[in-house]
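Topology and contacts: notes
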Amino acid sequence: MKSFKNIIYLLLLVVLIQCKTNNSKNTVLSTADSTGTDTVERVTYLLPSPEKMLHDIFSNKVAINQDLVNPKSNAEKYLDEKMQSINLGVYIADFAYLNLNENKANALEYFKLIRNLSEKINIYGFIEKSFFDRINNNLMNNDSLSKIMQEMYYNISDILENSNRQKVYALISTGTIIESLYLSVMSVTSYSDYQSVTLEIFKQKQIFMSLYSFISSFADDKDIRAVLKQLIKLKIILDSSVANKSEISVKKDKGNHLSIHGEEKIIINEKVFLDFKENVKTIRQNIIKISNN
Amino acid sequence: MKTWKVIIALTIVLGTSGNLIPQECKDFNNSRYCTIPDIQDYKQYGKSRSAYVVIHKTFKYEVVLNDKNDYKIGVCVPNGYDPVQYRIIEKETEKVIYDNSTDNYGNCVGFSVEDKPLTIIIEITVLASKFKPKDNNDMRTCVGVQILFQKIAKTGF
């Protein structure tokens, strides 16, 4: 009987909290504009999956170095939600990177880590068993594998956004993008031999800026503030690498089709690249290290 | 112990249910309302989205589009909730690249991003001009957003 009362009290509490949350959301997010429609200030950021980002950078042939990924043994040592979320992102990027390799045995081990960390931050149910089976059955088929991986990543982000856990998604995104940049810069062993790859890396600038805007919207959170503090140096380097930017021009060419032109010249030299690489390495070292817990 | 398990489960379910989108909206972007013509060689760009939104309220997506790609963006709503207005805006300059209200509220547009990557804001408002709501709860509907891409084919020899 006492237990039943407990349940009733708890239900009432949840309902009250929900009503309060909904009211405050409406107040903050809605402001009527002059056209009679309402505007919602919140923006949803559609960040690319690490698989897509790595694919763009590594479209030029670059050797895959399996030693670069975050060691599997670290996974169980991340104890708080911040480290678990960031490193879930790191392992998702590692999984995508390992899948660029012909031998995918190691990749499957990383998928298991993704499942374990997802369980720890309560999103395990959304990495369905079917994903595991599909990945297992498509290990030799790169196209299908990349589709499944993207689907899995977007599934995670959807569910976190729709359950008001955007902060967790922000941390996961930070992990995926930093790890993708780390794996990319570390693959450039000689600047002069890999200039086209470095250019592709710097062309990810707008994705990085979008990530920065996204996580800045949670800047009232101390974990996010700590992440932003680390990312600011990369933002400055990427910002200063762009020269000769022109305004875009839009031309309607045929039917309902537009052609968008504009110029954005990225200036990189060895010094700028090495500075960027060092900063990426430092940030990555900070986000995977165990002592942060 | 068992009671506490029930309490925890109920708290999780009820604590999040107010924020989840309804089942019928979950895969709306892949429904028959959201078909885009001539997309044989196109692939999904990032995540296609379905959202559960309030009519007349504007919501925004930010997305980075790589250069040297053709894109198609489609925005759809269920029958009876037409028209839906969407604008594609370059984030940096706030320049409006496309506004479907100047195009008879067509539900998709194709474009090529030629020389430089572009960060855009897709700003969507369900206008539902002929829709008569029964009550306040009737002011929400599903919206699907699809972004597709293909590499621009190289020209010349």
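Just so it is clear, the structure is predicted and the values come from calculations on it, not from any experiment.

1. Let's talk about the overall build of chain A
Secondary structure assignment for chain A yields 11 helices and six strands. Per-residue burial over chain A gives 33% buried out of 293 residues. Put simply, 68% of the contacts in chain A that link residues at least 6 apart link residues at least 24 apart.

2. Here's the deal with the overall build of chain B
When helices and strands are tallied, chain B shows two helices and nine strands. Expressed as a percentage of its 157 residues, the buried residues of chain B come to 33%.

3. Observations regarding the nonpolar core
A:Tyr91, A:Phe95, A:Ile114, B:Ile122 and B:Val143 are the most contacted members of the largest nonpolar core, which has 98 residues in total. Residues in contact with A:Tyr91, not counting those within four places in the same chain, are A:Asn70, A:Ala75, A:Tyr110, A:Leu113, A:Ile114 and A:Leu117.

4. Observations concerning unusual backbone geometry
Residue and element names in this part refer to chain B. Between Asp82 and Pro83 the backbone carries a cis peptide bond, its omega angle lying at -10 degrees. Phi at Tyr105 is positive, roughly 55 degrees, even though this residue is not glycine. Of note, Tyr105 is situated in the loop between β6 (96-99) and β7 (108-113). Non-glycine residue Ala128 carries a positive phi angle of around 40 degrees. Within the secondary structure, Ala128 is located in the loop between β8 (118-126) and β9 (140-151). Owing to 19 C-beta atoms within 10 Å, Ala128 belongs among the partly exposed residues under this scheme.

5. Topic: the confidence of the model for chain A
All names here are of chain A. On average, residues of chain A carry a pLDDT of 82, and 82% of them reach 70 or more. Mean pLDDT across the secondary structure elements of chain A bottoms out at strand β1 (residues 30-32), with 34, and peaks at helix α11 (residues 270-288), with 96. Every residue in residues 14-36 scores below 50 in pLDDT, and together they form 15 contacts with partners more than four places removed in sequence or on other chains.

6. Brief notes about the packing of helix α3 (residues 81-98) of chain A against helix α4 (residues 105-120) of chain A
Residues and elements named next belong to chain A. Two numbers describe how α3 lies on α4: the axes approach to 9 Å, and their chain directions differ by 160 degrees. Taken as axis vectors, α3 and α4 run roughly antiparallel relative to one another. The handedness of the crossing between α3 and α4 comes out as left-handed. Note on element contacts: α4 touches α3 through Asn106, Ala107, Tyr110, Phe111, Leu113, Ile114, Leu117, Ser118 and Lys120, opposite Gln84, Asn87, Leu88, Tyr91, Ile92, Asp94, Phe95 and Leu98.

7. Concerning the confidence of the model for chain B
Atomic detail in the predicted coordinates should be set aside for any region of low pLDDT. Residues and elements named next belong to chain B. Confidence in the prediction for chain B averages 83 pLDDT; 84% of positions are at 70 or higher. Here helix α1 (residues 2-17) stands out as the element of chain B with the lowest mean pLDDT, 46, in contrast to strand β5 (residues 84-90), whose mean of 97 is the highest. Taken together, the stretch residues 6-19 has pLDDT below 50 and engages in 18 contacts with residues farther than four places along the chain or on a different chain. Quick note on the complex model: pTM equals 0.82, ipTM equals 0.79.

8. Remarks on the pairing of β7(B)
The element β7(B) is extensively covered by neighbouring structure, given that five of its six residues are classed as buried. Sheet topology note: the strand β5 (residues 257-261) of chain A/β7(B) ladder contains four bridges and is parallel. What sits directly across from A:His257, in β7(B), is B:Gly110. Bridge count for strand β4 (residues 69-76) of chain B against β7(B) is six bridges, and the pairing is antiparallel. Counterpart to B:Ile73 in the pairing with β7(B) is B:Val109.

9. Considerations on the environment of B:Gly110
With respect to the element layout, B:Gly110 can be found in strand β7. The exposure class assigned to B:Gly110 is buried, which follows from the 22 C-beta atoms found within 10 Å. Residues in contact with B:Gly110, not counting those within four places in the same chain, are A:Asn256, A:His257, B:Asp70, B:Tyr71 and B:Lys72.

10. Some details on the packing of helix α2 (residues 50-57) of chain A against α3(A)
Residues and elements named next belong to chain A. Running from amino to carboxyl end, α2 crosses α3 at an angle of 45 degrees, the nearest separation of the two axes being 9 Å. It follows that α2 is oblique to α3 by the angle criterion. The two elements α2 and α3 meet at a crossing, and its hand is right-handed. Along the contact surface, α2 presents Pro50, Glu51 and Leu54, while α3 presents Ile92, Ala93, Ala96 and Tyr97. Its residues assigned to classes, the contact of α2 with α3 comprises six nonpolar, no polar and one charged.

Conventions adopted
Residues numbered from 1 in each chain as written. Chains lettered and ligands numbered in written order. Predicted model: local features only at pLDDT ≥ 70, side-chain atom pairs only at ≥ 80, totals over all residues. Helix = DSSP H or I, 4+ residues; strand = E, 2+ residues; numbered from the N terminus. Buried ≥ 20, exposed ≤ 12 C-beta atoms within 10 Å, placed from the backbone. Contact = placed C-beta atoms within 7 Å. Core = buried A, V, L, I, M, F, W, Y, C linked by C-beta atoms within 7 Å. pLDDT = per-residue confidence, 0-100. Axes fitted to C-alpha atoms, helices over the stretch in contact; angles between N-to-C directions. Parallel < 35°, antiparallel > 145°, perpendicular 65-115°, else oblique. Left-handed = near helix turned anticlockwise from the far one by under 90°. Pairing = 2+ DSSP bridges. Nonpolar A, V, L, I, M, F, W, Y, C, P; charged D, E, K, R; others polar.

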